[in-house]
Amino acid sequence: MNKLNSTAWAWGVSILSFVGSNYAPPAQAITLNVGGQDFEFVNISTTFEENNSILFNLPWVIDNSLLVEDFAVEAFEAFQDNPSASLGFPNGNLGPFFPLGFILESFPVQIPSVTYDSSGSIISQTTFGNETVTYAVVSEVTPIPEPNYLSGLVILSGLGFVSRVVSNNLSERIEEKSKKLL
């Protein structure tokens, strides 16, 4: 391995290690269907101030047509179906908080959220931005498209054609050069 490749490899491993150690979810994600779309849910225990960039990019914050209550209901139903593989009650007798944004008029900043209680009721809960609580982090599961074999064959055929043209041109030029040398 040359020096450039080994340096690039070392940097790549370092970056992946840093990202993995700082952003790896502390718990196993579960996949739930909300409104016909699959989403991965995971709990993170943090303050809003430490991870607001993650918490501002939740599906219901980005897309106002998605209702945060629907996410909380699905999370509670998953708990009822399989308590060992769900989001549970990480905030005492409350589920994870699904943050809605923040209120700047107060100090410290207040974070209105939606959660569920042990009876399955969806309730509002407000915390402070510097308070460590458990939030639900939710991300859309992007389906992996099926391979399109026909387009692959077209690409390979095109590459084969280009290769033959280049090879033929190269052969002709070599033949011309060798005639001139003789």
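Residues numbered from 1 in each chain as written. Predicted model: local features only at pLDDT ≥ 70, side-chain atom pairs only at ≥ 80, totals over all residues. Heavy atoms only, no water.

### A word on the overall build of the protein
Helix and strand counts for the protein come out as 5 helices and 6 strands. Across the 182 residues of the protein, 27% fall into the buried class. (Helix = DSSP H or I, 4+ residues; strand = E, 2+ residues; numbered from the N terminus. Buried < 20%, exposed > 50% of the residue type's maximum accessible area, 1.4 Å probe, protein only.)

### Quick notes on the side chain of Thr-46
Among the structural elements, Thr-46 can be located in strand β2 (residues 37-46). Judged by relative accessible area, which is 3%, Thr-46 ranks as buried. Of note is the side chain of Thr-46, whose polar atom sits 3.1 Å from the side chain of Glu-50. Within polar-contact distance, the side chain of Thr-46 engages the side chain of Asn-51 at 2.6 Å. Non-local contacts of Thr-46, meaning those with residues more than four positions away in its chain, are made with Asn-51, Glu-131, Thr-132, Val-133 and Tyr-135. (Polar contact = N/O pair within 3.5 Å; in protein donor to acceptor, adjacent residues only side chain to side chain. Contact = heavy atoms within 4.5 Å.)

### Examining the packing of aromatic side chains
In the structure shown here, the tally under the stated rule is 13 aromatic pairs. Measuring from centroid to centroid gives 5.6 Å for Trp-60 and Phe-98, while their planes differ by 55°, and the two rings are tilted. Highlighted residues: Trp-60 in helix α3 (residues 59-62) and Phe-98 in strand β3 (residues 98-99), separated in sequence by 38 residues. The exposure class assigned to Trp-60 is buried, which follows from its relative accessible area of 5%. One aromatic cluster is present, formed by Phe-39, Phe-41, Trp-60, Phe-71 and Phe-98 through successive ring pairs. (Phe/Tyr/Trp six-rings, centres within 6.5 Å; stacked < 30°, edge-to-face > 60°.)

### Some words on the sheet that holds strand β4 (residues 110-116)
If you walk across this open sheet you meet the 3 strands as β3-β4-β5, and the pairing is antiparallel. Edge positions in the open sheet fall to β3 and β5 (122-128), since each of these has one partner strand only. Strand direction decides the pairing type here: β4 and β5, joined by 7 bridges, are antiparallel. Bridging across to β5, Ile-111 finds its partner in Thr-127. On the sheet, helix α4 (residues 68-81) packs against β3, β4 and β5 and is oriented at approximately 45° with respect to β4. (Pairing = 2+ DSSP bridges. Axes fitted to C-alpha atoms, helices over the stretch in contact; angles between N-to-C directions.)

### Examining the confidence of the model for the protein
Per-chain confidence: the protein averages 76 in pLDDT, with 64% of residues scoring 70 or above. Here residues 1-26 scores under 50 on pLDDT; set against residues more than four positions off or in separate chains, the count is 5 contacts. (pLDDT = per-residue confidence, 0-100.)

### Here we look at the nonpolar core
Membership of the largest hydrophobic core comes to 29 residues, with the highest contact counts inside it found for Phe-41, Trp-60, Phe-71, Phe-98, Tyr-135 and Val-138. Those elements giving two or more residues to this core turn out to be β1 (30-34), β2, α4, β4 and β6 (133-140). The biggest single contributor to this core is α4, with 6 residues. Setting aside residues no more than four positions away along its own chain, Phe-71 makes contact with Val-34, Phe-39, Phe-41, Pro-59, Trp-60, Leu-66, Phe-98 and Val-138. (Core = buried A, V, L, I, M, F, W, Y, C linked by side-chain atoms within 4.5 Å.)

### With respect to the sheet that holds β2
Taken in spatial order, the 3 strands make up an open sheet running β1-β2-β6, and their pairing is antiparallel. Since the sheet does not close on itself, it has two edges, and those belong to β1 and β6, each with one partner. This sheet shows a mean twist of 40° between the axes of neighbouring strands, independent of strand direction. Relative to β2, β1 is paired through 5 bridges, and the arrangement is antiparallel. Note that in β2 the partner of Asn-33 across the bridge is Asp-38.

### Quick notes on the pairing of β1
Burial along β1 is one-sided: the face carrying Ile-30, Leu-32 and Val-34 is buried and the face carrying Thr-31 and Asn-33 is not. Counted between consecutive antiparallel strands, the loop separating β1 from β2 contains 2 residues, among which Gly-35 sits at a positive phi close to 60°.

### Notes on the side chain of Thr-47
As for its placement among the helices and strands, Thr-47 is situated in the loop between β2 and α2 (52-55). According to the relative accessible area criterion, Thr-47 is buried, its value standing at 7%. Only 3.0 Å separates the side chain of Thr-47 from the backbone nitrogen of Glu-50, close enough to count as a polar contact. Once you skip the residues sitting within four places of it in the chain, Thr-47 turns out to touch Gly-129, Asn-130, Glu-131, Thr-132 and Tyr-135.

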